[in-house]
Structures are given as structure tokens and as C-alpha cells.
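# A structural walkthrough
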Amino acid sequence: MVESIVTVLLEVKCFAPPTERQLGYLRNYKANFENLKAEIDKLKDESKSIQHRVSEAERKGEKIEEKVENWLVSANNTIEQAAKFIEDGETSKRCFKSLCPNLKTRYQLSKKAETEVKALVELKEEARRFDDRIFYRTIAEEVWPKSNKGYEAFKSRLSTLKSIQDALTDVNVSIVGVYGMGGIGKTTLVKEFARQASEEKLFDQVVFSEVSQTPDIKKIQGEIAEKLGLELSEEAESRRASRLYERLKKEKMILVILDNIWKYLDLETVGIPFGDDHRGCKLLLTARDRNVLLSMGSETNFLIGILNEQEAWRLFKIMAGNYVENRELKSTATNVAKACGGLPIALTTVAKALRNKELPVWKNALQELQTPSEASFDEGVPVEAYSTIELSYKYLRGEQLKKTFLLCSLITPTSIMDLFKYSMGLGAFESVHKLEDAHNKLHAWVHQLRDSCLLLEDGSSKFFSMHDVVRDVAISIARRDKIAFTVRNEDVWNWPDADALKKYFAICLKDSIINDIPEVLESTQVEFLFMSPKNSFVGPNVPENFFKRTKKLRVLDLTRMRLLSLPSSIDLLLPKALGQLTKLRLLDLRDCFHLKVIAPNVLSSLIRLEELYMGNCSVEWELERANSERSNASLDELMLLPWLNTLEIDVKNDSILPEGFLARKLERFKISIGNESFMPPKSVTREWFQSRPHFLINSNRESLRELKLKLDFMDICSMKLQGINNVEYLWLDKLQGVKNVLFDLDTEGFSQLKHLHVQNNPNFLCIVDSMEMVACEAFPLLESLILHNLINMERICIDQLKVESFNELKIIQAYNCDKLSNIFWLSTTKCLPRLERIAVVNCSKMKEIFAIGEEVDNAIEKIEFPQLRSLSLGNLPEVTNFCREVKTPSASPNRPSSQEDTSTLLFNEKNKENNQLDIPAQQPLLPFEKILPNLKDLSLNGKDVKMILQADFPQHLFGSLRTRLGQLRCHRAAAPQANFRGTFP
């Protein structure tokens, strides 16, 4: 007892000289620890609240403030340290075999607890100062193309680029102009300058907007504002201009490019400051006419001239092919190139027109180029350009291709479908007996025109456009030859006299003010009439007798006229009833939202109908009942059309489908069955993928056969739904009685399917159940697989994926699939050879992205995804591996849970028990160069993504790899080893 008292006294003596504060630490020991625990809980709550706001902002594509990210890291670290301190204090506060308190230790712990409390309180107070400044809006970075097809950075252009740069960096110059004829390369030049200026950081921002012949002020304002992250919700141009003006004033150095200006544009009306108002705002303008630039106050203007002889020959040879170097042909080809006058559009069109032609054709072309026609031409195109483009027109094969080219010039830009309807009406396919063959012929013509550079190569299969110079020349030809009377983008114009009107084959009034329409159109030869006013909200009045003498009219387009009623003389062009059109082959009623009633038996009377388009119509279809009269059309009528091969239709009520409706063989169809929108929820497509456009499916895809099913009343096994195995794009939403997509819908493996989107089906257990399948390849042509909100689907394929299955798959997206354990269980390392993009989001039970079978020796070392370009993972709390070699993958819907690892893990996390890596220390945890050798975009989001970024990252890959990191949680010492120099937008 004495020894213990002495010990206590000695322990107390160590505090000498004692103070009230020091004794207070002993007295308040328990209170300090209780206070510390309370502050830990408060900081945890504050941290969770901020993390929720951060996660919400990230889902919306916002950028988190750096100080907020640092605070979260600091808060988490402080909470962990404080919790560990409390745990350690519980085991070290007693002495003498734990029979009495250790006063010295208590003193130290109590003092430390008070310090920890202060740190926690300070962090909590710091968080309160954030207010709403958690994030800021991100602005999509402008992507400038490095080059365009057929464009070369010629020396004559490089000197102009340097001069433009010198002028724009002059503090005394605010506006710089570039001018030259159409097709000379002005737009290409300024975009090249924008690219260089962005790379060299000459300006803080570079924005671009095309003005065009008919400037749309709101469109220009919107394009500039969008690239600055400014939202313009106001309708009034003046208010929008004021807000844009103030926003531009905040930029220290900004370049605004306004392209293709045809007349004076008031910069103040748009809201662009310049000159003394803002010396840091520089403008680069392009126009055909130098006077336009001068009127806008451009101090320094550069003429874009023709190419010199060497540059012209270089471009000509690229377009015509190396065979022009042939000894027999080269002399003539060189002279032809010289005759093009160094004009890029002329060089391109002539070279393409003469490509692979014989020597006599080249000599004839040279003769015509050297002696151009003297036809008057007032569209601002020099004689040289006119003659060269006209020559390309003359060398088009066949009169019908020439007519198609001239028709394109009247209506461009528009859809190929519109071109098809006009051509069909004009009798362009009289020798063709089937509309399907007519479609193929028209597409062949369009490709020929694109190959000849008379239509632009824009990569679209649904639309076409034409270079403005080529269009102007084509319209001039049509006018000269009295083929067409055209008015485009005009406010004031006059109708030709009656004698002149009688000669025209076509009349096209496009984007112009249409006034003074004659009482009678004295155009007895006209076959094509197109009237599209500039302001579609103010429809002109068409006189009652307007069509009295247009007996030959075959195509009439008044789509944008907004007529309150049709003139009575239109009866001279149409039969008394639609049902009398027994030779009608195409009927397009798309977007007739108010069309609810079609008289019974009208559709079935159109016995020659081949194509029927009724998308976005509201027809209230009735059921066909025996001995019962109908007041509306029935879907059974469509079953009586023997020639029908194309159908686009929306059916809201699935209970009225006739049997065999989907079984008939159609060449193309777009059928939607269901009463609600098929669009996925906003939280998925608009938030997660908003900053990831490379994951979006191309809306301009060539999909001939598209089917969307959302069934409320009908079981999928109904006879009414049999025969959908030739579909190319299949969208499944809310189906009854489906567990296995492949087996229940098509036991032959969907041999034609290219795109599969499945969502909102709680009964779906899998996509492919190979245990029930007859031997067949599953989805051999499938290119994209989209899975959303399949809450009970645990596996995509029950068994291992065969090499032949999903062989063309390029895109996999899975989100909100709560029980999905992995994407695929691969049978060999050669599966999915064309996979390019993976996105997995909000799959709470996923264990690994891919499971790999053990049939192949060292399969884990041989696995490779050579085509994978983009990988996006987020909110996957259970994922610890990217690839794992297993005997049996995670639990399947038909089998008990059983899983055994047989090999090391790829992209693994640290072992939590012994804090040792699960793979040898010398082996990289993330072997991008081996597993994903061509990865370009890595996107990680969600606090539970923790199997990436665990080891040294190959720094040289950052030259091409774009990386996005959201809020990550890397356990213990896993993350500090990573060394990043990539971009983190």
C-alpha cells in the first residue's frame, strides 16, 4: 500500500508546479473524451451532408471546388485519427495491473482530447463558411478539327495565319477580317487558326459561330454563351445581348470568330463588346465581300487568294489520284489543273470528275476550261469557278443524275427522304417497279454526287448538304436553262411575267417573304412547286384559283405555309377521296398530332401502298369485330396491303394488335408499342453521360428495322408478338412473362440484331440462358447492349460467353442493375474482340467487371481488350477487381452461390487483413499497356470505386489518355503511390 501511495505521489509530483489548468485536465478527463466523441459525430454529419451535395453536383456534371475536396479529405482523416485516439486511450489509461488509474497518462490523453476537439470544431466551422459555393459549372472545351478531308496547310496559307496572329495580338487592333470568294477556304483557315490559338494559349477562350445569309441573332448569342457557360433564358434579344455583353467583359483575353457574314451585322445587337469597350475581346470575321468587313469596322483585312501552281497541283493530285503522274496523261492533267486557276473548290470538283477517265476525256475537259461560256452570272463566283463546277455537272453520268443534282440545289439542306419523295413524284424511278429498289438507286446517286464533290461529305446517311458555291452555280444553270425559277433568302422580289412562268419546270421559293401571290399561276409546264416562307407563323393567302392551270403539277410542298384552308382549285390535282388513290405507293402522315380518325377501309383500299409512315400520330385504332361497324381505322387493314414493305407506326394500346402483326416480312419498320415514353430517366442519360458524349449511341445510325415494346396487357408469348427475329434495334420496356430475353423472344439468337436496350423489367433474370438454348450463336451482330433498371438480373449470360457470341459488340452500358454480379463470364481470352466502350454505374452488388474461366492456362495473363477506348465506372461499392479468374462466377439466377478464385486479381485493392497486395510486389496492379493498350478515356466516379489507381501509373500514357476522377475512396496507403499528370475535368 505504501509503495502504491508513493507511486501516486511521484506521479503527481511530475506536474510540479501544479496549476489549475493542469489539474483541470485530470478533473475533466472523462468530460473531454465525451466531448470529443460528440464532436466526431457532429463532424461526421457535416461531412455526410457536404458529400451528398458534392455527389449531386457531380451527377449534374458540375465541377467541385478544390477547397471542398480538400476539406472532405481533411475531415475524413481527422475523424479517423480522433477515433483511433479514443480507441488507443481506452487501453492505456490504467496502471499497476489495471487496478488504479495512471494519472500521467490521463493528463496527456485529456490534453490531447481537448486539442482534437478544437481541430474538429475548426473543420466544422470551415464547412459552414462554404454556404452554397460547393461547385461551379463546367464548360465543354471546344474541339477544333486538326484537318478536313482534302485540306492541306499550304505555304500560302501559313503566311496568312502568321499575319492574322500578329494582327490579333496587336493591342491597337480589335477586329480582323478574312475575305475571299466562296469555296476558297476561309472557314477552314480560321478554324485552323482557332486550333493553333487554343493550343498555344494565345487567348483564355476561343468561341466560334456561323452567321450565314440569314442571321439568327438568338442563335449566335446562344452559341457564344454556351461556350462560355452562360445560360440565356430570356426571350428578348436586347436582354440576352446585355447579359452576353457583361459576360464577355469578364474575360481578360477572348477571341470571337464570326464566320460566313453576308451583310452588316450589328455587334451591339448581338452583345459583343469591341474596341475601347473591351480591348481584350478580339474578333475574327470572314466574308465573301470586303465591303462587309469594312462596314463592321474591321481595321485589318486579309484576302484569301488562290493556291500557287505547286500547291494547286498537289491538291489536284490528291483528289484525282496518283495515276495523273502517268507519262501519257501528266501533261494534259497538269494543264487542266492550271486551268482551274488555283481555286480549291474548282481543283477538287474537276479532279474528282475526271478521276480514272481516259485521255480523250481529259483533253475535252481542258478545251472547255480554256474556253468557258460567257453566261452571265451574278452570284459572286468568278468565271473560272463557274466553268469548272459546270464542267463537273456536265460530266455527271446520265441525265437523271444531272436532274437530281439540280433538284438538290433547290432544296438543300434537307433530308434524303424528302429528296426521295420529290424524285418519286417527278417520275425519276419510272423504270423501277419497287420502292425499295428506288431507295437504293437514290442512295447510289447521292453517293455519286458526294464522290464528285458536288455534295458535301458530312458523314450523314439521312441528310445532305451542298457547298454554297456549288449550289449557286447549280441554281444559275437551272435559271439559265429555264429549268427553275428560284428565290432564296430574299425579302423583296418579283414574280416573273406570265410568258416566262410558262417555261419553267420548277418553282422554288425558299426562306423568303412570299407576297403578291398571283390569282392564277400561269405556269402550264410546272411539275415541281416548293413554297417555304421565311416566317412560318405568318401564312400568306393562296388565291382560290391559284392551281387552275397547273395541270402538269406532280410535286407540291406547302409544309411550312401554315394555311388556314386550302384553295378550292387544289381539287383539280387530287381525287375526291383518299381511297381512290389505288396506285398510291407512299403515304407519309408523320407528326400529324391531331389526326385521330381515319375512315374505315380507306387504308385497306390503298392496294399498291409500299411505304406507310405514321409516327407521332394519334389515331385511335379500333378492333376488328365480326358483324360490327367501325367508326375508325383498324390495324387489321394494314394486314391486307400485299405490297407493304415499310411501316412506321406508334400503337399506344397493345391489346388491339392483330395476330401476326409483327410476323409479316417488312424491309424496314419503326414500330413502337406502348403507352408511355421509352426515354430512360433523366438521372442516367443527362447527368452521368452529359460530359461523356462518346458513350451515346449514334442517333443517325442506319437502323432499317426498329421495334420498341412496352406491354401493359399482353404476355410476351402471345401469338400477336411472334416473328420479331429480324429486328435490328430492339427496345424492351416493361414486359409480362419474360425472364430470358433470348429464349423467350427468339430461340435462334437474334441473328440480325445490332442494338439492344432493356430497361424497367423486374422479372428479367438474364439476357441469355445458355442452359435452355439449342446450340446457336447469341447476338452475333450486336453492336450495343444497354441495360437499365433491371433490379433482379444477376447475370447477362448464365454460362460462359462463347467466342462466337457478342462477337461484334462495341458498347456495353449497365446502370441501376442492383443484383448484377459482373458483365460477362468469359470462356476464353478471345471473347469480345471489338469492345470499344464500357460504362457501369450504380450496380450495388457487382463484384467484378469480368469473370474469366480457367479453361485456358494462365488466362488471367493473356486477357486483353485491344479495341477498348473508353472505360467509365461509378458507384460500385462491392467491386474489388476489374478481371478475376474463377471456377464459378458470382451467384446466378439458376444456381446456388459458389465462387472460387483460382488466380491473382487484376486491378485489385489492398488486402484489408494483412495490408499486403494480393499480387507480387513487382507486378503492376493496373497494367494498362497490356490489358487495355488503346484506352483513351478513363472515367471514375463514386466514393466506392476503389480498385483503380492503386500503383504507379504509366506516366507516358497521359499523352493520349483523358481521365475523369470523381470522389474516390482508396483504402489506407493505396492511393499515395499513384502519380498523376493527366487531365481531371
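Once a new chain begins, its residue numbering starts again from 1 and follows that chain's sequence as written. Reporting in this predicted model follows two pLDDT cut-offs: at least 70 for local features of residues, and 80 or more for side-chain atom pairs to be given and counted; totals over whole chains, interfaces and linings ignore these cut-offs and use all residues. The side-chain numbers reported here are obtained from all heavy atoms of the structure, hydrogens and water having been left aside.

Looking at an unreviewed UniProt entry, one finds the protein chain named Disease resistance protein, with Citrus sinensis as its source organism.

### Some details on helix H7 (residues 186-199)
With 14 residues, H7 should cover 20 Å at 1.5 Å per step; its first-to-last C-alpha distance of 20 Å lies within 8% of that length. For the exposure calls, accessible area comes from a 1.4 Å probe over protein chains only, and a residue counts as buried if that area is under 20% of its type's maximum, exposed if over 50%, partly exposed in between. Only runs of H or I of at least four residues qualify as helices and only runs of E of at least two qualify as strands under DSSP, and these elements are numbered from the N terminus. The complete set of buried residues in H7 reads Lys186, Leu189, Val190, Glu192, Phe193, Ala194, Arg195, Gln196 and Ala197. By definition in these notes, contact holds between two residues if any of their heavy atoms fall within 4.5 Å. Buried-residue contacts for H7 involve helix H6 (155-168), strand E5 (175-179), strand E6 (205-212), strand E7 (254-261) and strand E8 (281-287). Positive phi appears at Lys201, one or two residues downstream of H7, with a value of about 55°. To estimate how far a helix should extend, the number of its residues minus one is multiplied by 1.5 Å.

### What about the sheet that holds strand E12 (residues 484-488)?
Any two strands between which DSSP finds at least two bridges are classified as paired. Strand order in this open sheet of 4 strands is E12-E13-E14-E15, and the pairing throughout is parallel. Edge strands, defined here as strands with exactly one partner in the open sheet, are E12 and strand E15 (555-557). Each strand axis lies, on average, 5° off the axis of its neighbour in the sheet, ignoring direction. For strand E13 (residues 506-512) and strand E14 (residues 528-533), the ladder comprises 6 bridges, and the chain directions are parallel. Paired with Leu509 across the strands is Met531, a residue of E14. An axis is simply a line fitted to the C-alpha atoms; with a helix, the fit covers only the stretch in contact. Between two such axes, the angle follows the N-to-C directions and lies from 0 to 180 degrees.

### What to know about the pattern of salt bridges
Each salt bridge in this description consists of a side-chain nitrogen of Lys or Arg and a carboxyl oxygen of Asp or Glu lying within 4 Å of one another. Taken as a whole, this structure holds 33 salt bridges when the rule is applied. Across the pair Arg480 and Glu390 runs a salt bridge, and its minimum N-O distance is 2.6 Å. Within this pair, whereas Arg480 is found in helix H20 (residues 468-480), its partner Glu390 is found in helix H16 (residues 383-394), the two being separated by 90 residues in sequence. Owing to a relative accessible area of 34%, Arg480 belongs among the partly exposed residues under this scheme. In the salt-bridge network here, residues are joined through shared partners; they are Asp418, Lys421, Asp588, Arg590 and Glu648.

### A look at the packing of helix H17 (residues 399-411) against helix H18 (residues 416-425)
Between H17 and H18, the least distance of the axes is 11 Å, while the angle of their chain directions is 125°. Compared by their axis directions, H17 and H18 come out oblique. Crossing handedness for the pair H17 and H18: right-handed. Side by side, H17 and H18 meet where Thr404, Leu407, Cys408 and Ile411 of the first sit next to Leu419, Tyr422 and Ser423 of the second. Asp, Glu, Lys and Arg are counted as charged, while Ala, Val, Leu, Ile, Met, Phe, Trp, Tyr, Cys and Pro are counted as nonpolar; the rest, among them Gly, fall into the polar class. For the contact of H17 with H18, the per-class residue count stands at 5 nonpolar, 2 polar and no charged. Roughly parallel here means an angle under 35 degrees, roughly antiparallel means over 145, roughly perpendicular means 65 to 115, and every remaining angle is called oblique. The crossing is said to be left-handed when, going from far helix to near helix, the turn is anticlockwise and less than a right angle, and right-handed when the turn is clockwise.

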